Amino acid sequence: MKRKNCVDSRMSCSCGICNSSVNGRPKYLSVYAPVVYDEIGVNICRPVTIPEAVMTANPTVSQVQIDVVDIAFTVASEGIPATTVTNTVRANCTTVVLTNVSVTFRVKLFGDCNNFLTSTIIAANYLPGSSTSPEVELLDDETNPESVTVELYTPYGIGYTSVAATTPFINTVGFMQGANTVVNGINVNAVAKAMNFNKATGTFSAGISLFLRTIYYETYKFEHDGKPVPPKASLTEEQNTCLDFVESGLLSREIKPLELEPPKCEGKLKEEESACERNDGTETVYNQCGSVDCENDEGNPVETSIENALPK
């Protein structure tokens, strides 16, 4: 194919990466993600009783399942200790003393034929730390003690509740709005299991695995295998132009992250200007920035690959 020097109206204006995005897929993808630096889990268990009104309204209940909805740490008050987070002994490690941890369950009730009946919300206090703690009568040195002490590796620090940085906190990762995200520092979540359900009394053993994790957001680079393609729902059976679009493949832009390291060093493209046509990242790319091919011998546009079009 012979190269031609030609003038195209699409090539008449100068543009660079800041005006026209680089399309395609990178070989390596940089991701800013929560990384687990340390983690530890503990199993605790105590009885929980379903309210009498719920049991009366569902006389055929024969089994239950539970999910953890939320975890809360009791605020310290007179005679009732609270969970503490301290790192005064060794700078890169933090000691956590868990006590008076309130766990909110969604309890699902099932009938004799495994048919779902209803669900109810129940809160239960674990690790009662004093004689005046809520539900202290369920204290058990082996399954539900006063407290549990763990140590976590926290090299980048822990989270605080205010700018003064005087009150450290543990972030809850649950299912309540505002309490279902991961943050820098110490995070806690739990998985629950209901055991030994007594349908006469509505009481069961609620065991939970409580997980504490030190998490920090970091950037990492890895090879990937492209984007996943979700299944697409069909909305109508009528035939028209919009329908043709609706029933076609899903749009997926190929605007890729910059590969900042050698060999491409694409960050330099922010400082370079060259002739190119604008592309929204969803169509076949023609006359990419950096290409001098305007047309082939038959006068048709020449498709230029992303990799070949980039400055070396």
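Residues numbered from 1 in each chain as written. Predicted model: local features only at pLDDT ≥ 70, side-chain atom pairs only at ≥ 80, totals over all residues. Heavy atoms only, no water.

## Details of the overall build of the chain
A tally of regular secondary structure across the chain gives 3 helices and 12 strands. When each of the 312 residues of the chain is scored for burial, the buried share is 35%. Sequence separation of at least 24 residues holds for 66% of the intrachain contacts in the chain that already meet a minimum separation of 6. Of the roughly 19,100 Å² of accessible surface on the chain, 52% is carried by carbon and sulfur atoms. (Helix = DSSP H or I, 4+ residues; strand = E, 2+ residues; numbered from the N terminus. Buried < 20%, exposed > 50% of the residue type's maximum accessible area, 1.4 Å probe, protein only. Contact = heavy atoms within 4.5 Å. Areas by Shrake-Rupley, 256 points an atom, 1.4 Å probe, with all protein chains shown as cover.)

## A few points about the nonpolar core
Counting 37 residues, the largest nonpolar core has I50, V96, F105, V107 and Y126 as the members making the most contacts within it. Once residues lying within four places of it in the same chain are set aside, the contact partners of Y126 are I44, C45, R46, T99, N100, V101, V103, F105, N144, A206 and I208. (Core = buried A, V, L, I, M, F, W, Y, C linked by side-chain atoms within 4.5 Å.)

## Things to note about the sheet that holds strand β7 (residues 116–126)
An order of β3-β6-β7 is seen for the 3 strands of this open sheet, with the pairing classed as antiparallel. Each of the sheet's edge strands pairs with one partner strand only, and the pair in question is β3 (63–73) and β7. In this sheet, neighbouring strand axes are inclined to one another by 20 degrees on average, regardless of whether the strands run parallel or antiparallel. Bridge analysis of strand β6 (residues 101–110) against β7 gives 10 bridges, and the strand direction is antiparallel. Bridge pairing in β7 links V103 to A124. (Pairing = 2+ DSSP bridges. Axes fitted to C-alpha atoms, helices over the stretch in contact; angles between N-to-C directions.)

## Topic: the packing of aromatic side chains
Summed over all chains, the structure comprises 6 aromatic pairs. Where Y37 meets Y156, the ring centres are 5.5 Å apart and the plane angle is 50 degrees; that geometry is what we call tilted. A residue pair is termed long-range when its members are at least 10 positions apart, and Y37 in strand β2 (residues 28–49) and Y156 in the loop between β8 (148–153) and β9 (171–172) qualify at 119 residues. On the basis of relative accessible area, Y37 is assigned to the partly exposed category, the value being 26%. Judged by centre distance (6.4 Å) and plane angle (70 degrees), the rings of F105 and Y126 are edge-to-face. Of this pair, F105 sits in strand β6 while Y126 sits in strand β7, and the two are 21 residues apart along the sequence. Across the pair, exposure class does not vary: F105 and Y126 are buried alike. Grouped by ring-pair contacts, the aromatic residues Y37, Y156 and Y216 constitute a single cluster. Over the face of the ring belonging to Y126 we find R46, whose NZ or CZ atom lies 5.8 Å from the ring centre. The side chain of K221 reaches across the aromatic face of Y28, ending 5.2 Å from its centre. (Phe/Tyr/Trp six-rings, centres within 6.5 Å; stacked < 30°, edge-to-face > 60°. Lys NZ or Arg CZ within 6 Å of the ring centre and 35° of its normal.)

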